[in-house]
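Read off the chains here:
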Amino acid sequence: MSISNNRKALHDYTIEDRFEAGLVLEGWEVKAIREGRAQLKDSYVRIKNNEIWLFGCHISPLISTSTHINADPDRIKKLLLNKKEINRLIGKVEQKGYTIVALNLHYKKGNVKTEIALAKGKKQYDKRVSEKEKEAKREKDQVLKQYKRL
């Protein structure tokens, strides 16, 4: 079940590989995510000391959050991946043009997971071409739908 999607990432990047990673979260963050208060719009993934970190994931704290907890909505979150996957990502990111982006947050067996992707940035003309392809597919589907009604 999806919690939050990063539509901008699909528009700005060509997706190469997808990975599913766990998140290291605090208690108030899990409660806020369950209330639907997470946003991945400007999030990105960085590598520090052979660890993968999620930056810019905004989780708004609940009003009922305890007063003795300092809730930081833009806290940097550690992503949990296998060592083999981390090494693969590090090797690809060191190549020119590759980056890691967060695509969505979702539940899996009661745990909050994030789907990250190894991606290459699109140029402006690539974005226009993909937009035209989407429009053509949409028109074709509409024509087929009308034809099936007859």
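As the structure is a computational prediction, the values presented were derived from the model and not from experiment.

Draft legend 1. Region of the structure containing the pattern of salt bridges. With the rule as written, the count across this model stands at nine salt bridges. A salt bridge links Glu26 to Arg75, with the nearest nitrogen and oxygen atoms 3.9 Å apart. Taken as a pair, Glu26 in the loop between β2 (13-23) and α2 (27-34) and Arg75 in the loop between β6 (58-59) and β7 (77-80) lie far apart in primary sequence, 49 residues in all. Note on Glu26: relative accessible area 34%, which makes it partly exposed. For Asp141, the salt bridge goes to Lys137, with nearest N and O atoms at 3.2 Å. Pair noted here: Asp141 and Lys137 are both in helix α4 (residues 124-149), with a separation of four residues, about one helical turn. Here Lys137 falls in the exposed class, since its relative accessible area comes to 52%. Overlapping salt bridges, with partners in common, bring together Glu26, Glu29, Arg75 and Lys77 in one network.

Draft legend 2. Main features of the sheet that holds strand β1 (residues 2-5). Read across the sheet, seven strands follow the order β1-β8-β9-β2-β7-β5-β4 without closing on themselves; strand pairing throughout is antiparallel. Either end of the sheet is taken by a strand with one partner, and the two such strands are β1 and β4 (44-48). Across the sheet, the mean angle from the axis of one strand to that of its neighbour is 40°, orientation sign disregarded. As defined by bridge partners, β2 adjoins β7 across two bridges and the pair is classed as antiparallel.

Draft legend 3. Spatial organisation of unusual backbone geometry. Positioned with a positive phi, Asn49 is a non-glycine residue whose angle comes to about 50°. Turning to its location among the elements, Asn49 is positioned in the loop between β4 and β5 (51-55). Despite not being glycine, Lys109 shows a phi value in the positive range, around 55°. Mapped onto the elements of the fold, Lys109 is located in the loop between β8 (98-108) and β9 (111-121). Accessibility expressed as a relative area gives 80% for Lys109, which makes it exposed.

Rules used in this analysis
Residues numbered from 1 in each chain as written. Predicted model: local features only at pLDDT ≥ 70, side-chain atom pairs only at ≥ 80, totals over all residues. Heavy atoms only, no water. Salt bridge = Lys/Arg side-chain N within 4 Å of Asp/Glu carboxyl O. Helix = DSSP H or I, 4+ residues; strand = E, 2+ residues; numbered from the N terminus. Buried < 20%, exposed > 50% of the residue type's maximum accessible area, 1.4 Å probe, protein only. Pairing = 2+ DSSP bridges. Axes fitted to C-alpha atoms, helices over the stretch in contact; angles between N-to-C directions.

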